[in-house]
Protein chains: 2
Amino acid sequence: MKKKAVVATILDLGRQPASHQEMGHAFAPTNIALCKYWGKRDTELNLPATPSLSLSLGQKGASCTLRRIDQAYDTYFLNGQPLELLTPFSQRLKNYLDLFRPADSFSFQVTIQTNIPVAAGLASSACGFASLALALNDFFAWELDQRHLSILARLGSGSACRSITPGFVEWHEGVLADGMDSYGESLKEAWPELCIGLVILTEKEKPLSSRAAMERTVATSHLYSSWPLKVKTDLALLKQAIKEQDFKLLGETAESNALTMHALMLSAWPPISYALPETVLAMQRVWELRQDGLAIYFTQDAGPNLKLLFLAKDAEQVRAYFPGVEVLQPQAT
Amino acid sequence: MKKKAVVATILDLGRQPASHQEMGHAFAPTNIALCKYWGKRDTELNLPATPSLSLSLGQKGASCTLRRIDQAYDTYFLNGQPLELLTPFSQRLKNYLDLFRPADSFSFQVTIQTNIPVAAGLASSACGFASLALALNDFFAWELDQRHLSILARLGSGSACRSITPGFVEWHEGVLADGMDSYGESLKEAWPELCIGLVILTEKEKPLSSRAAMERTVATSHLYSSWPLKVKTDLALLKQAIKEQDFKLLGETAESNALTMHALMLSAWPPISYALPETVLAMQRVWELRQDGLAIYFTQDAGPNLKLLFLAKDAEQVRAYFPGVEVLQPQAT
């Protein structure tokens, strides 16, 4: 099992305490990709086919608390609700935790609390697994650096590797078979005026997981072969935009990248569309506002909700046009 | 001007009457592409980047009547309304007619009557220019064969070359610079049970012409380079489906081809989406019905309306699920 080998390599690098603590706790921000992660080169290690680039959302994300408990089975709570142990998500958590403890050793009580809707395209599994990796680092007192924490988080969920640090994060796709060069790294630039507006059209769970959608796209879309070049182009443009604080370039590139990811899904078979009628209306509204001169763009993940991109000076206008929008300014000073 | 040269070549092949008649008249069916035409290799001659395949819609289409009139300017009527001579469409008509008469010779009264909504993605310009080419053939008594009529129709509007004949029509993309090998040809197979259901969600004219949308896609979409291979694959599958009367294969291939064309548009910049909220709902309805076991698929052109594909045995069910659908059975015997 490749994951076990990666964990062994990384834990050799950390501090090796004689035992663990009774409790571990951590928070991880969720992240919104401006250049999307869509397609894997290794499904076990969650190694991506391309690089990607995200912005972490400050205080929006997941808190994870780990406790050692004296019972035969783990207990998981998500947003106050106990999780059945036989659900796919519980199995994913258990398989992940088993990477870090000897077989039949002890059990965990895991409590994850998110302040974003679960499974509505807001990267809840990204911040969930990132907070879990950070909580494990706290629990076992490994004192790992960000790079290795990012790799551990990736073993739980690919995009979780971008949720270890705040700000802009580039996920290097890497070339190594074990993925030791595939991790999230913070860009040094910040952009305090940059705002994200969360337009929550539904909090219902999405009908198809992004994991399944990604696999189906890669397997069936004729257009997928053009995606790596699109990512390469967009990544360079986004880094230039961030460096030069060129908002038009950032917005155009992020929106085009997101729409291209959704285009790939539409061309998969069976076709995948996360759009609700409300999604279409919200997109058209953005396009109309832009034609009227407002510098507003959007990005969309594997769900129907939109994330608006704009600058702080336009926040009041955006609030007026999108009642109920939640405005975040992740890098406000 | 390349068009003039093509016309000269073709008219040399036809009968050369001493003069023309006082009137010409013809009907041409509209056609629905099962494998779409999206992208040109020559914008003046409307030569396509790929082949395509369509089904002509029997009695749905355009009738054109041409009359010689004694005045300095042409007069055009579309569905009973006179057209202003300075509109882009009138200019297209005039430029087209000028290919066939000496400069400053005589004027036409052109009356085109369609029984489908104009500019709502129902290929009204295809059947319009096809009916005009056929009416010219009648007016001048050229007695051209279908191949050369198809080429003349293409000079007016690309997909018009598929509206000269009924049934399934393959538009050969050709390799020659003058396009003399790029024309619509009928397949010998018919499929009497095959039905098309027109789901008209709006009769409003589309905000962006398919001509402009096509050009923008080719110029800006990173995904476009994958389109020719998609077409090649789908064309082979559609011909196999028609030969074997394999409806599942026909439906899956046509729907996937249409969605891939829309995917290309979504990945263009600025993004192009013809979807209305109602389009999203209608698509989801088709997908749900299919999951419930009904053999129903859709195709969509450069407009928000859907065309359902199903077999005659399921027509009553389709009518029940899509109130207002107009059911056509173009090859019914």
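A brief report on the enclosed structure follows.

Cut-offs and rules
- Residues numbered from 1 in each chain as written.
- Chains lettered and ligands numbered in written order.
- Predicted model: local features only at pLDDT ≥ 70, side-chain atom pairs only at ≥ 80, totals over all residues.
- Heavy atoms only, no water.
- Salt bridge = Lys/Arg side-chain N within 4 Å of Asp/Glu carboxyl O.
- Helix = DSSP H or I, 4+ residues; strand = E, 2+ residues; numbered from the N terminus.
- Least-squares fit on C-alpha atoms with pLDDT ≥ 70 in both.
- Contact = heavy atoms within 4.5 Å.
- Phe/Tyr/Trp six-rings, centres within 6.5 Å; stacked < 30°, edge-to-face > 60°.
- Buried < 20%, exposed > 50% of the residue type's maximum accessible area, 1.4 Å probe, protein only.
- Pairing = 2+ DSSP bridges.

Quick look at the pattern of salt bridges now. Note on pairing: side chains with opposite charge can pair once their charged atoms come close. Residues and elements named next belong to chain A. Under the criterion given, the structure shown has 28 salt bridges over all chains. The partner of K60 in a salt bridge is E326, with the nearest N and O atoms 2.7 Å apart. On the criterion of sequence distance, the pair formed by K60 in strand β4 (residues 52-69) and E326 in strand β13 (residues 326-328) is long-range, its members being 266 residues apart. Where D301 meets K307, a salt bridge forms, and the shortest distance between an N and an O atom there is 2.8 Å.

This paragraph deals with the relation of the copies chain A and chain B. Rotating chain A by 180° and moving it 0.0 Å along the rotation axis overlays it on chain B with an RMSD of 0.0 Å. The superposition operator between the copies reduces to a two-fold rotation axis. Interface overlap between copies is the fraction of interface residues in one copy that are interface residues in the other; for chain A against chain B it reaches 100%, indicating a shared surface.

Each aromatic ring pair is described using two quantities: the centre-to-centre distance and the angle formed by the ring planes. Taken as a whole, this structure holds 26 aromatic pairs over all chains when the rule is applied. On the numbers, 6.1 Å between centres and 45° between planes, the contact of W287 of chain A with F298 of chain A is tilted. On the criterion of sequence distance, the pair formed by W287 of chain A in helix α8 (residues 277-291) and F298 of chain A in strand β11 (residues 297-300) is long-range, its members being 11 residues apart. With respect to burial, W287 of chain A and F298 of chain A carry one shared label: buried. Between Y96 of chain B and F100 of chain B, the aromatic rings sit 5.2 Å apart at their centres with planes inclined by 70°, giving edge-to-face as the arrangement. Members of the aromatic cluster, joined through ring pairs, are F89, Y96, F100, F106, F108, F129, F139, F140 and W142 of chain A.

Turning our eyes to something else, we now look at unusual backbone geometry. Of note, the amide linkage connecting W269 of chain A to P270 of chain A takes the cis form, showing an omega dihedral of -10°. Among the secondary structure elements, P270 of chain A is positioned in the loop between α7 (247-266) and α8. Look at N79 of chain B: it is not a glycine, yet its phi comes out positive at around 50°. Along the chain, the position of N79 of chain B falls in the loop between β5 (75-78) and β6 (81-82).

Residue and element names in this part refer to chain B. Summarising burial for strand β10 (residues 194-199): six of the six residues are buried, a large majority. Along β10, one buried face is formed by L194, I196 and L198 and the opposite face, lined by C195, G197 and V199, is buried too. In the sheet, β10 pairs with strand β12 (residues 306-311) via six bridges, with the strands oriented antiparallel. Residue pairing for β12: I196 is matched across the bridge by L309. Here β10 runs beside strand β13 (residues 326-328); their pairing, made up of three bridges, is antiparallel. Its bridge partner lying in β13, G197 is registered against V327.

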